[in-house]
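# Report on the structure
What follows is each chain in one-letter form.
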Amino acid sequence: MTQRAKIDTDSGDTRGTPVETEPPVVHRPAGLTSAEVAERVARGEVNDVPVRSSRSTADIVRANVFTRFNAIIGVLWVIMLIVAPIQDSLFGFVIVANTGIGIIQELRAKKTLDGLAVIGEAKPTVRRDGRAAGISTSEIVLGDLIELGPGDKVVVDGVVAEADSMEIDESLLTGEADPVVKRPGDPVMSGSFVVAGGGAFTATKVGREAYAAQLAEEASRFTLVHSELRSGISTILKYVTWMMVPTAIGLIISQLVVKDNDLKNSIARTVGGIVPMIPEGLVLLTSVAFAIGVIRLGRKQCLVQELPAIEGLARVDVVCLDKTGTLTEGGMDVTEVRVLNGSDEGYVRKVLGALGESDPRPNASLQAIIDAYPDAEEWRCTESLPFSSARKYSGAAFSEGDGEESTWLLGAPDVLLPHGDPNLAEIDHLNEEGLRVLLLARTVHELDSPDVAKDARPTALVVLEQRLRPDAADTLAYFADQNVAAKVISGDNAVSVGAVAGKLGLPGADHTVDARTLPADREEMARVLDENAVFGRVTPQQKRDMVAALQSHGHTVAMTGDGVNDVLALKDADIGVSMGSGSEATRAVAQIVLLNNSFATLPSVVAEGRRVIGNITRVATLFLTKTVYSVLLAILVVVSQIEYPFLPRHLTLLSTLTIGVPAFFLALAPNKERARPHFVRRVMRYAIPGGVVAAAATFTTYLLARHHYTGADALGAETSAATLTLFLVSMWVLAIIARPYTWWRIALVATMGGAFLLVLAVPWLQDFFALKLVGTTMPWAAVAVAAAGAAVLELAWRWVDRRFPA
């Protein structure tokens, strides 16, 4: 049994009963002195592992510059700079500009993330010179004495120096969910966290020697974890590469060997056929869209620890909410105390005051009791049992001022009282009103006895009122409007949880489920979860099981929470969302941290994810339509044994006006469309018919022009006619992609069309881009072919919508 006299560590004075009845004072270790800290800093024994919230600048530059497609285009660019005019090398400058934009945007995102990570970083409490103070993890030195309480993360390796019923969860290290009781002398590993009790440990490994060197980075790193968007694009690029290599080889042979043309012109047209096959801008635009999303959310005090998390939350169809700290604010108020079994109210107030003083790290309920009832100074705590979410109660043993000794429990009435106790009916009535009720009971057993709660005598009911978050109702309404099911999962009494949910207007709040009655079978549990919305008395392990059960039914699950009991469920959920004021452990495992502690930020995250997914899906069709028609045109040219119709400058102009500039604006536009699965299928079902129609229309015009034009300048005229058809069909693809129309989308399409007309009308632009329409017959024929292609495109896409629905 541990002795816990209340001691003022600065003065050494004890408080409580007269000195002659006070037991010997047990002094706490004072920790390192300032001189010892300075000495260790000088020796380099500092926890100097940098907290990385994002990739390094070198990693960002490397990832944007050294790509497979940049390498291919770089080689082709060098070739073109040697053999052709500068206007045929414009595609290289576009890549430089796009890569630069990607680097700048990611650096901006890095700056935002780094700043937010510093704001959200927990500061461990370190005892030095006899005083405890919060410091940065990077300031910890070897031998520091670090204090721990419920929810605190162990940031470096060490050995327990003090323990007060301290239980540590090492599941992040071992996968074992059961907490481990730690006693003085036991080792603690960085990455674990306290679930009950408290104490202190001495740091034995710091810096890169500590296990935290890997875990801290892994928990808060800017990572590119699994994302359907990214994996889908990678799959597309893999198939594009397979198509591109043989097609490019055939084109090279066709233009350089079969056709006896001018070497430099043949090389230029060969490169002109290869470059547009590469959808290099798609990967870049995806990174930019993600990076801008992170910046936008950062301005709303939302820390995205893993980029695809904003995509993931947009795909979520079930949100599991922990009531405390999510729907309700952390603070609570004592509304009344109802004494039971003829107990004296004044005496009960003394017990509550002493219980409040017995816990150095009170939870919200106990803090409300501390605020309402001052400590009875003549009472001395001799032993304490910290609150545990698994037990649902806390306790303390006291030596009262008159020499009497007593042991008390404070916790959930339906756990401490036997089934059928008449007081439970009164408690249920209070719970129905949305009030939280704790039972104060006196026990005759020792606190460390497994039967401590058995035969406990009910003494009083403590009625607490929770403070609802003012934004919770609107946020729940948003999810309902977006067809996202909200499940309130709480450790509190089911009826009380239902009352709170009912006040917030959550559908199904009138029918609550006590989690203790949930079936153990996963399939049966999933069925109950699908049919109900409010669950009370949920244990930490059950939260994890509930997430798994929902996922087994094909749901994409987001879990929100701020307490230690939420960690395992946050880890297993598709998306974990933690409050900034939550424990260090929850922030470490969550992909999204709401630093402003506002549940109302979640709709912004959902909207941002939907904007990214919807817009990237939209613009991916533009990029891949170009890839499809480029490959098909190259194949048709090889089979027909004729000159490739375009120079690089023509396709640079077309790509800029029909893809590059429009895609940038479309990718950043608002988009509230709900995210749908099967990204690759949804993109390719439009890109393939679009590319086939564009290639067929363009090649038809090119063949007609070859028969129409003769003479030395015939190839230039043929190219101009083919370019006109390809531009018009590509513009029609853009016009379809831009739907539904808004004023700025119409203006965007019209501006791109006007820019092309400007090139055709201004003489020096005609010369620069080698575009000059000759005569009237062939240009109008090119327009007619393009119009027919546009009509076929409309019919093809409508047929695709019916035949292959998304």
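Every chain begins its residue count from 1, and numbering advances along the sequence as written. It should be noted that, the model being predicted, local features are given only for residues of pLDDT at least 70 and side-chain atom pairs only at 80 or more, the latter also being counted only at that level, while totals for whole chains, interfaces and linings use all residues. Here the side-chain values reflect all heavy atoms present in the structure, with hydrogen atoms and water set aside.

### Quick look at the overall build of the protein
Our working rule: Runs of E in the DSSP output that reach at least two residues are strands. Runs of H or I that reach at least four are helices, and both are numbered from the N terminus. In this scheme, a residue with accessible area under 20% of its type's maximum is buried, one over 50% is exposed, and one in between is partly exposed, where area comes from a 1.4 Å probe on protein chains only. In what follows, a contact means two residues having at least one pair of non-hydrogen atoms within 4.5 Å. In these tables, accessible area is a Shrake-Rupley quantity obtained with a 1.4 Å probe, and a residue counts as shielded only by the protein chains included in the view.
The number of helices and strands found in the protein is 27 helices and 21 strands. In the protein, which comprises 806 residues, the share counted as buried stands at 56%. In the protein, once contacts between residues fewer than 6 apart in sequence are set aside, the share between residues at least 24 apart is 73%. Accessible area of the protein: about 33,000 Å², with a carbon and sulfur share of 58%.

### Structural notes on the nonpolar core
The test is simple: Buried Ala, Val, Leu, Ile, Met, Phe, Trp, Tyr and Cys residues form a nonpolar core when they are joined through side-chain atoms within 4.5 Å.
In this structure, Leu313, Ile592, Phe599 and Phe756 are the most contacted members of the largest nonpolar core, which totals 123 residues. In terms of residues, this core owes the most to one element, helix H21 (residues 602–640), which gives 15 residues. Core analysis: the second largest hydrophobic core is formed by 24 residues, Val528, Met546, Val567 and Val589 among them.

### As for the packing of aromatic side chains
Our working definition: What counts as a ring pair is set by centres within 6.5 Å for rings of Phe, Tyr and Trp (its six-membered ring), and what kind of pair is set by the plane angle: stacked under 30 degrees, edge-to-face over 60, tilted for all other angles.
According to the stated counting rule, one finds 11 aromatic pairs in the structure shown. Where Phe664 meets Phe665, the ring centres are 5.8 Å apart and the plane angle is 85 degrees; that geometry is what we call edge-to-face. Since its relative accessible area comes to 44%, Phe665 is described here as partly exposed. Relative to Phe756, the ring of Phe727 lies with its centre 3.9 Å away and its plane at 10 degrees, an arrangement referred to as stacked. Taken together, the residues span a long stretch of sequence, with Phe727 in helix H24 (residues 714–737) and Phe756 in helix H25 (residues 743–761) at a distance of 29 residues. By relative accessible area, which is 3% here, Phe727 ends up buried. By relative accessible area, which is 2% here, Phe756 ends up buried. Aromatic ring contacts, followed pair by pair, group Tyr347, Trp379, Phe398 and Trp408 into a single cluster.

### Topic: empty space enclosed by the protein
Short version of the rule: In this analysis the probe radius is 1.4 Å and the grid spacing 1 Å, with only protein atoms considered; a cavity is a set of points the probe fits into but cannot get out of, a pocket is an open set with protein on both sides within 12 Å along at least five of seven lines, and lining residues have an atom within 4 Å of a point. Grid points are joined across faces, edges and corners, and a volume is the space filled by probe spheres set on the points.
Under the definition given, this model contains three cavities of 30 Å³ or more. Space inside the second largest cavity adds up to approximately 50 Å³. Elements that contribute at least two residues to the lining of the second largest cavity include exactly H21, helix H22 (648–667) and H24. When residues in the lining of the second largest cavity are grouped by element, the largest group, four residues, is from H21.

### Observations concerning the packing of H21 against helix H23 (residues 679–708)
For clarity, the cut-off: An axis is simply a line fitted to the C-alpha atoms; with a helix, the fit covers only the stretch in contact. Between two such axes, the angle follows the N-to-C directions and lies from 0 to 180 degrees. For classification, angles of less than 35 degrees are called roughly parallel, those exceeding 145 degrees roughly antiparallel, those between 65 and 115 degrees roughly perpendicular, and all remaining angles oblique. By the definition used in this description, the sense in which the near helix is turned from the far one sets the handedness, with an anticlockwise turn below a right angle giving left-handed and a clockwise turn giving right-handed. Ten residue types, Ala, Val, Leu, Ile, Met, Phe, Trp, Tyr, Cys and Pro, are classed as nonpolar, four, Asp, Glu, Lys and Arg, as charged, and the remainder, Gly among them, as polar.
Between H21 and H23, the shortest axis-to-axis distance is 7 Å and the interhelical angle comes to 40 degrees. One way to sum up the angle between H21 and H23 is to call them oblique. Along this stretch, H21 crosses H23, giving a crossing that reads as right-handed. Looking at side-chain class alone, the contact of H21 with H23 contains 19 nonpolar, seven polar and one charged residues.

### Looking at helix H27 (residues 777–803)
To be explicit about the condition: The span one expects for a helix is its residue count, reduced by one, times 1.5 Å.
With 27 residues, H27 should reach 39 Å at 1.5 Å per residue; the first-to-last C-alpha distance of 38 Å fits that figure. Those residues of H27 lying buried are Met778, Pro779, Ala782, Val785, Ala786, Gly789, Ala790, Leu793, Glu794, Ala796, Trp797 and Val800. Structurally, H27 contributes buried residues whose contacts are with H21, H23 and H24.

### Some words on the packing of H22 against H24
The geometry of H22 relative to H24 is characterised by a closest axis approach of 9 Å and an angle of 10 degrees between their N-to-C directions. Our classification of the angle between H22 and H24 gives roughly parallel. Side by side, H22 and H24 meet where His650, Leu651, Leu654, Leu657, Thr658, Pro662 and Leu666 of the first sit next to Thr719, Thr723, Leu726, Phe727, Ser730, Met731, Leu734 and Ile737 of the second. Of the residues contributing to the contact of H22 with H24, the split by class is 10 nonpolar, five polar and no charged.

### Re the confidence of the model for the protein
Test applied: Scored from 0 to 100, pLDDT reflects the predictor's confidence in each residue.
For the protein, mean pLDDT is 80; residues scoring 70 or higher make up 87% of the total. Counting interchain partners and residues more than four positions distant, the pLDDT-below-50 stretch residues 1–26 has 47 contacts. In the predicted structure, residues 215–225 sits below a pLDDT of 50 and forms 35 contacts with residues beyond four places in sequence or in another chain.

### Topic: the pattern of salt bridges
Heads up, the condition is: Any carboxyl oxygen of Asp or Glu that lies within 4 Å of a side-chain nitrogen of Lys or Arg is treated as forming a salt bridge with it.
Counted under the stated rule, the structure contains 21 salt bridges. Between Asp144 and Arg128 there is a salt bridge, and its shortest N-O distance comes to 2.6 Å. Placement of Asp144 in the loop between strand E2 (131–134) and strand E3 (145–148) and of Arg128 in strand E1 (residues 125–128) is noted, with a sequence separation of 16 residues between them. Using a relative accessible area of 0% as the deciding quantity, one classes Asp144 as buried. Of the charged contacts in the structure, one is a salt bridge between Asp572 and Arg544, with a shortest N-O distance of 2.5 Å. One end of the pair, Asp572, is in helix H19 (residues 567–572); the other, Arg544, is in helix H18 (residues 540–552), and 28 residues separate them in sequence. Judged by relative accessible area, Asp572 falls into the partly exposed class, the value being 30%. Judged by its relative accessible area of 18%, Arg544 is buried. Linked by salt bridges that have partners in common, Asp414, Asp514, Arg516 and Arg537 make up one network.

### Quick word on helix H16 (residues 494–503)
Among the 10 residues that make up H16, seven are buried, leaving the element largely enclosed by the rest of the structure. Residues of H16 that are buried: Ala494, Ser496, Val497, Gly498, Ala499, Val500 and Ala501. Looking at the residues trailing H16, positive phi occurs at Gly505, about 80 degrees.

### A word on the side chain of Thr723
What counts is decided by this rule: For the purposes of these results, a polar contact is taken to be a pair of N or O atoms within 3.5 Å, where, inside protein, one atom must be able to donate a hydrogen and its partner to accept one; residues adjacent in sequence count only when each atom of the pair is a side-chain atom.
Its place among the elements puts Thr723 in helix H24. Among the polar contacts listed, one links the side chain of Thr723 to the backbone oxygen of Thr719, at a separation of 2.7 Å. If we ignore the near neighbours within four places in the chain, the residues touching Thr723 are Phe646, His650, Leu654, Phe756 and Leu771.

### Section: the sheet that holds strand E16 (residues 485–489)
As a reminder of what qualifies: Paired strands are those between which DSSP finds at least two bridges.
Spatially, the eight strands line up as an open sheet ordered E8-E21-E20-E19-E9-E16-E18-E17, and their pairing is mixed. For this open sheet the edge positions go to strand E8 (302–304) and strand E17 (512–514), each flanked by a neighbour on one side alone. The sheet shows a mean angle of 20 degrees between the axes of neighbouring strands, taken without regard to direction. Each of strand E9 (318–321), E16, strand E18 (534–536) and strand E19 (557–561) is contacted by H18, which is oriented at about 160 degrees to E19, the strand it contacts most.

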